[in-house]
Amino acid sequence: MDRILVKQGRIVDPANGRDEIGDLFLSDGKIQKIGGNITEDADVVLDASGKTVMPGLIDLHVHLREPGFEYKETIESGANAAARGGVTTICPMPNTKPVIDSPERVKDLLDRAEGAAVHILPIGAVTLGQEGRELADIRGMKEAGAAALSEDGKSVMDSLLFQKGLLEAAKYKLPMFSHCEDKVLADGGVMNAGKKADELGLPGISNAVEDVIAARDIFLSKEAGNRLHLCHCSTKGSVMLVDMAKKSGLPVTGEVCPHHFTMSDDEISEDDGRFKMNPPLRSREDVQALKEALRDGVMDVISTDHAPHGEEEKNQSMRTAPFGIVGLETSFALSYTELVRTGYLTLSGLIEKMSVNPAKVLGIDGGTLSVGSAADVVIAELDVPYRIDRRKFVSKGKNTPFDGKEVYGKVETTIVDGKIVYQANAD
C-alpha cells in the first residue's frame, strides 16, 4: 500500500477543531501523522498548497440499482461517481430487484461491492419486498452487515407494522431512515403543488404529503425508543417537526438534499423529466426554511438521494418520467456554492453536515482526520469556478437539472483507506 504525503494544504477537520495549513502522512490505510512539516519518506507526494484537505464525505442516501437495474447504475459505476464527488462512504437503499430484505441479499450486495472504489454500507428493507405486509428479518440483516433500515421509495403505510419495525430497529440498534410520503395523499402528483404546477398543467404534491408522515414517524419513534433519521426533508413543516423533536430530546435527525436548498419550483422552466424528483422541488419559502435549518443545526445531514435513470426514461414529460436525479458528483460543489459562499455555513459547518454528522447517525468511526483513523481524505480546490458538465459524469445516470451551472468546490483527489481512487487530472 502506498505511503502518501499530502503537503501544505488547508487541513479542515471539525471533529478535532482543526483549520490550519499543514501536512498529512498516510500509510497502511491509516492517518499516521498530521503536522506543520512532515518529512517522512513517501511513495506519492501530493502538493495541496492553495487547496483544502478534509475528511472523506459520507452519503447516507444513494441508489446503486444493482442488482436488477444495472442499465441505470452498477455498484462499480456508482462507487466511481462517489469517488469523483469526494464521497468515500455510501449507503445504498434497498429498492433493487430483488429488494435487499434478507441476510442473504445483504451479503450478496457486500460480495458484489468487494473491490469497489469506496466503502459501501447496505441499508436493509423494513418489510419483505418493500410490500408493507410483513417485517423483514431485521436481526439477520444487522448480523449480515446492514447499517440501517429503510423502506425508501415509499413509506410503510401500515402504522402498526411500522411501529413493530421501529421496535425491532431499537432492539438491534439500527437507525431507521424514513421516507416520508403519504402515497394516497400524493394522489399521482408529479411536482410541487402550486402556481408553477398550475401553469404547466401538472398534478401537484402538497407539503402535507411529507409532513403528515414525518409527524407520524416522529411520534411512533418516540414510543419505540429508536433512532430516527428523516430522509430528504423538503418542507418548512418538516423543519418545524424536526426542531420540535430535538427540543423534546428525541434521537431524531434530519437530512436535506442539495437540490432542495438550491432550486425552487419557480425555476422549473418546462415540463421536463429532469426536474422530476421525490420529494419535489418546493417553494422559495421552503428552500429558505431548509437553508436556515442547516445553518441553525435543526437539520443535521446533507445527502444526495442519488437516483440514476436511463436517458430515455428521463427525456419525457414529468407525467411519465420516473422520479429522481443524480447527485454524487455534484453534491459538494452545490453545497459549498449555495451554503458556504453565501454565508449560511462555514466550511467546517459544511463538513460536519457531509461527513461528521453522517458518521454519528450511523454510529461508525469516520468524519475525522485523527491520527489512527482510516485514511479517507479529500483534497478540493474551492476558489476556482467551473461548470457542471453531465457528459463528464462517471455515473451511468446523467439526469440532472444542474447541467451547465457554475459552481465552486471542485474535488481534485479522493483517497480511500490510503489508496488514491480519484484524481481530477485523470478525468
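Residues numbered from 1 in each chain as written. Predicted model: local features only at pLDDT ≥ 70, side-chain atom pairs only at ≥ 80, totals over all residues. Heavy atoms only, no water.

A. Inspection of the side chain of Ser150 at higher detail. Relative to the helices and strands, Ser150 resides in strand S10 (residues 148-150). From its side chain, Ser150 meets the backbone nitrogen of Asp152 in a polar contact 3.0 Å long. In this structure the side chain of Ser150 is engaged in a polar contact, spanning 2.7 Å, whose partner is the backbone oxygen of Phe177. Ignoring sequence-local partners within four residues, the contact set of Ser150 consists of Met93, Pro94, Ile123, Gly124, Ala125, Val126, Gln130 and Phe177. (Helix = DSSP H or I, 4+ residues; strand = E, 2+ residues; numbered from the N terminus. Polar contact = N/O pair within 3.5 Å; in protein donor to acceptor, adjacent residues only side chain to side chain. Contact = heavy atoms within 4.5 Å.)

B. Fine view of the packing of helix H12 (residues 331-340) against helix H13 (residues 347-362). Remark: H12 packs on H13, axes separated minimally by 10 Å, with the N-to-C direction vectors making an angle of 140°. As far as their axial angle goes, H13 and H12 are oblique. Between H12 and H13 lies a crossing whose hand is right-handed. Across the interface between the two elements, Ser331, Phe332, Ser335, Tyr336, Leu339 and Val340 of H12 pack against Leu347, Leu350 and Met354 of H13. (Axes fitted to C-alpha atoms, helices over the stretch in contact; angles between N-to-C directions. Parallel < 35°, antiparallel > 145°, perpendicular 65-115°, else oblique. Left-handed = near helix turned anticlockwise from the far one by under 90°.)

C. Molecular detail of the packing of aromatic side chains. For the structure on display, the rule yields 1 aromatic pair. Relative to Tyr336, the ring of Phe332 lies with its centre 6.1 Å away and its plane at 20°, an arrangement referred to as stacked. Residue Phe332 and its partner Tyr336 are both found in helix H12; the two are separated by 4 residues, about one turn of the helix. Both residues of the pair, Phe332 and Tyr336, count as buried. Here Lys410 stacks its cationic end above the ring of Tyr386, 4.9 Å away from the centre of that ring. (Phe/Tyr/Trp six-rings, centres within 6.5 Å; stacked < 30°, edge-to-face > 60°. Buried < 20%, exposed > 50% of the residue type's maximum accessible area, 1.4 Å probe, protein only. Lys NZ or Arg CZ within 6 Å of the ring centre and 35° of its normal.)

D. Seen up close, the sheet that holds strand S6 (residues 57-62). The strand order S6-S7-S8 describes an open sheet built from 3 strands, whose pairing is parallel. On the outer flanks of this sheet lie S6 and strand S8 (119-120), each paired with one strand and no other. Two elements, strand S7 (residues 87-92) and S8, share 2 bridges in a ladder whose sense is parallel. What sits directly across from Ile90, in S8, is Ile120. (Pairing = 2+ DSSP bridges.)

E. Examining the sheet that holds S10 more closely. The 6 strands are arranged S9-S10-S11-S14-S15-S16 in an open sheet whose pairing can be described as parallel. Because the sheet does not close on itself, it has two edges, and the strands there are strand S9 (123-124) and strand S16 (301-302). As judged from the 2 bridges shared by strand S15 (residues 252-256) and S16, these two strands associate in the parallel manner. Looking at S16, one finds that Val256 is bridged to Ile302.

F. Representation of helix H8 (residues 236-247). Counted at 1.5 Å a residue, the expected span for H8 with its 12 residues is 16 Å, and the 17 Å between its end C-alpha atoms agrees. Buried residues of H8: Gly237, Ser238, Val239, Leu241, Val242 and Ala245, and no others. Lining the buried residues of H8 we find helix H7 (208-224), strand S14 (228-230), S15 and helix H10 (284-296). Positive backbone phi, at 80°, marks Gly249, one or two positions downstream of H8. (Expected span 1.5 Å × (residues − 1).)

G. Inspection of the pairing of strand S21 (residues 419-423) at higher detail. Pairing of strand S20 (residues 410-416) with S21, which is carried by 4 bridges, proceeds in the antiparallel orientation. Residue pairing for S21: Thr414 is matched across the bridge by Tyr422. Where S20 folds back on S21, the antiparallel hairpin that results is connected by 2 residues, among which Asp417 adopts a positive phi of roughly 50°.

H. Broad picture of the environment of Gly249. Mapped onto the elements, Gly249 comes out in the loop between H8 and S15. C-alpha separation for the pair Gly249 and Gln32, spaced 217 residues apart in sequence, amounts to 38 Å.

I. Quick peek at the packing of helix H4 (residues 159-171) against H7. Closest axis-to-axis distance for the H4/H7 pair is 9 Å, and the angle between their directions is 50°. Comparing the axis directions of H4 and H7 gives the class oblique. Taken as a pair, H4 and H7 cross one another with a handedness that is right-handed. Taken together, the residues of H7 that come into contact with H4 (itself represented by Ser159, Phe162, Gln163, Leu166, Leu167 and Ala170) are Arg216, Asp217, Leu220, Ser221, Glu223 and Ala224. Each residue belonging to the contact of H4 with H7 can be placed in one class, and the counts come to 6 nonpolar, 3 polar and 3 charged. (Nonpolar A, V, L, I, M, F, W, Y, C, P; charged D, E, K, R; others polar.)

J. Geometry of the state of the cysteines. Enumeration according to the criterion identifies 0 disulfides in this entry. Cys180 provides the cysteine sulfur closest to Cys231, a residue in no disulfide bond, and the two sulfurs are 7.6 Å apart. Looking at Cys233, it has no disulfide partner, and the nearest cysteine sulfur is the one in Cys180, 6.4 Å off. (Disulfide = S-S within 2.5 Å.)

K. Here's a closer look at unusual backbone geometry. Note that the residue after Lys97, namely Pro98, is joined by a cis bond; omega there is 5°. Topologically, Pro98 is positioned in the loop between S7 and helix H2 (103-113). At the junction of Asn278 and Pro279, the peptide bond is cis and its omega measures out at 0° in the coordinates. Locating Pro279 in the fold gives a position in the loop between helix H9 (258-262) and H10. In this structure, Gln8 takes a positive phi of about 55° despite not being glycine. Among the structural elements, Gln8 can be located in strand S1 (residues 4-13).

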